[in-house]
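In case you want the letters, here they are:
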Amino acid sequence: MGPADSRGHHWAGILFSELAKPTISVSQGTAIEYNEMVNFYCDSKDVNINIHWVFNHHPLELDERKQLSLYGKKLTILKVQREDSGNYQCQARDASLIESSDPTSLIVYYGPDPIKIKLEPGVPSGEEVGVIEGSNVTFWVEIQSHPSPDYAWFFHNDSIPSFTTRNFTIHAVSKEHEGMYRCLVSNRITGLSVQDTLKVRVLERLAKPHIVSPSVNLLENDTVLLTCQTTQEGAQVQWLLRGQLLPSKDMELSAYNKTLVIHRLWRNDTGPYHCEVWNWNSWIRSEPLWLTINYGPHGVNITRGSEYGVVSNIKAELNSILTLQCQAESQPVAEYHWTLAHSTSAHMGGMLTIAALSWEHQGIYNCTALNSLTRLARSTSVLVTVVDPQSSLSAGAIAGTVIGILAVIALSAGLGYFHYIKNVRR
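Rules behind the numbers
- Residues numbered from 1 in each chain as written.
- Predicted model: local features only at pLDDT ≥ 70, side-chain atom pairs only at ≥ 80, totals over all residues.
- Heavy atoms only, no water.
- Helix = DSSP H or I, 4+ residues; strand = E, 2+ residues; numbered from the N terminus.
- Buried < 20%, exposed > 50% of the residue type's maximum accessible area, 1.4 Å probe, protein only.
- Contact = heavy atoms within 4.5 Å.
- Areas by Shrake-Rupley, 256 points an atom, 1.4 Å probe, with all protein chains shown as cover.
- Pairing = 2+ DSSP bridges.
- Axes fitted to C-alpha atoms, helices over the stretch in contact; angles between N-to-C directions.
- Phe/Tyr/Trp six-rings, centres within 6.5 Å; stacked < 30°, edge-to-face > 60°.
- Lys NZ or Arg CZ within 6 Å of the ring centre and 35° of its normal.
- Salt bridge = Lys/Arg side-chain N within 4 Å of Asp/Glu carboxyl O.

1. Observations regarding the overall build of the chain
Piece 1. Counting its regular elements, the chain contains 2 helices and 37 strands.
Piece 2. By the burial criterion, 39% of the 426 residues in the chain qualify as buried.
Piece 3. The contacts in the chain between residues at least 6 apart in sequence include a share of 63% that link residues at least 24 apart.
Piece 4. Taken as a whole, the chain presents about 25,100 Å² of accessible surface, with 52% of it coming from carbon and sulfur.

As structure tokens, then:
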């Protein structure tokens, strides 16, 4: 009968005994990757139990390299690998209880794996790496090895005793540092060694290029050839106009981009122009070049004083002040020459002012714009009619006079475009 409760009832009980703590042992606590086999043994004083294995606190996953004996008390790892390093435990289990052993560890020595020398800053090109003269450069290797390996660096097969770590730096690299470098990495426990070589080329530091033009004072529609002068042999050259890469329409580059030819120059092609020189991962830009493009005169117009709007005929009162302004699109600024039809008088300058109009001031005024560099001239005319507020002349008579004079203006304007020659100024 089982024990009675407070009411005198008797219960049948089931008594559970504790499991004994299993013990774990290993054939060897260290091993070399791919070369050795390791056995783990689990011993328990209990019978009729199941043995389970735990690796790094997780159930051990079996594969073709991990094998268990008939009753699971022996774990064999064939050709250990680095991922087998860690803590192992065995567990004794029955229907309801689990008891774990203390952990035991396995250390797997491996490496070094194949290496590759890297150089920063450096730009690979085929089988060599280029660095800029005067810069600080660092050699280094990435390595997988346990324990940490020994490093030996060589330059032209001569040992560099001061460099015995995975990286080292050369300050202010020069031509004497150009050549073949080798790194030898050794693991004293696995007995393995690997090495890699790297050919280093020291590049001349780029000097600022310079743009040369036969002339910076040019005419519209001309062709100009710009040359990017640089001391670097084999350097790549590219051109920019207002920060945009060239060439564009009406532009062409020579071989190696050293020269830029611009056809049919337009007034907006003034610049700035730059050329850039590239050598591996380094580049430098020239100072800006501006072109002066001379053009015109075009669009010769006459306005009245400060008023807006082009005029072709003006009525002005007798004894009043009349100011005429002549303007044209021109580079450089045009010279202006005023004449009055049927008069020998002339006036120089863009503005013509008559202080007190008289009847003699009535007529066709011609403005000629002259460009001394393009040697072109263009003219336009305006009809000035002087009226007396007290006059009794009919509107019809005045209109007839104006129409007749306008016909003369039309004929004069048709002959207005001509080449500027020295005789014009006389």
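The rest of the description comes next.
2. Describing the sheet that holds strand β19 (residues 193-203)
Piece 1. Across the sheet, 6 strands lie side by side as β12-β13-β19-β18-β15-β16; this open sheet has mixed pairing. For this open sheet the edge positions go to β12 (123-125) and β16 (158-159), each flanked by a neighbour on one side alone.

3. Details of the sheet that holds strand β29 (residues 292-304)
Piece 1. Read across the sheet, 4 strands follow the order β21-β29-β31-β34 without closing on themselves; strand pairing throughout is mixed. The sheet is open, and its two borders are formed by β21 (217-219) and β34 (351-354), each paired with just one other strand. Recorded for the sheet is a direction-independent mean angle of 30° between the axes of neighbouring strands.
Piece 2. Sheet topology places β21 next to β29; 3 bridges connect them, and they run parallel. Bridging from a neighbouring strand, Leu 218 pairs with Ile 293 of β29.

4. Concerning the packing of aromatic side chains
Piece 1. Summed over all chains, the structure comprises 10 aromatic pairs.
Piece 2. Centre to centre, the rings of Phe 163 and Phe 168 are 4.0 Å apart; their planes meet at 15°, and the pair counts as stacked.
Piece 3. According to the relative accessible area criterion, Phe 168 is buried, its value standing at 4%.
Piece 4. Cation over ring: Arg 267 sits above Trp 266, and NZ or CZ is 4.7 Å from the ring centre.
Piece 5. Residue placement shows Arg 267 over the ring face of Tyr 295; its charged tip is 4.0 Å from the ring centre.

5. Quick look at the pattern of salt bridges
Piece 1. Per the stated rule, a full pass over the model turns up 14 salt bridges.
Piece 2. Here Lys 66 and Asp 84 are joined by a salt bridge, their closest N and O atoms 3.4 Å apart. Of this pair, Lys 66 sits in strand β6 (residues 66-68) while Asp 84 sits in the loop between β7 (74-77) and β8 (86-93), placing them 18 residues apart in sequence.
Piece 3. Among the residues examined, Lys 66 registers a relative accessible area of 10% and is labelled buried.
Piece 4. Connected through salt bridges with shared partners, the residues Asp 63, Arg 65, Lys 66 and Asp 84 form a single ionic network.

6. Side note on the pairing of strand β13 (residues 128-132)
Piece 1. Of all 5 residues in β13, 5 are buried, a share of seventy percent or more.
Piece 2. Residue alternation in β13 divides its side chains into two sets, Glu 128, Gly 130 and Ile 132 and Val 129 and Val 131, and both sets are buried.
Piece 3. Sheet topology places β12 next to β13; 3 bridges connect them, and they run antiparallel. Considered in β13, the bridge of Pro 124 is made with Val 129.
Piece 4. In this antiparallel pair of consecutive strands, β12 and β13, the connection spans 2 residues, and Gly 126 shows a positive phi of 65°.
Piece 5. Relative to β19, β13 runs parallel, the two sharing 5 bridges. The residue of β19 that forms the bridge with Gly 130 is Arg 201.

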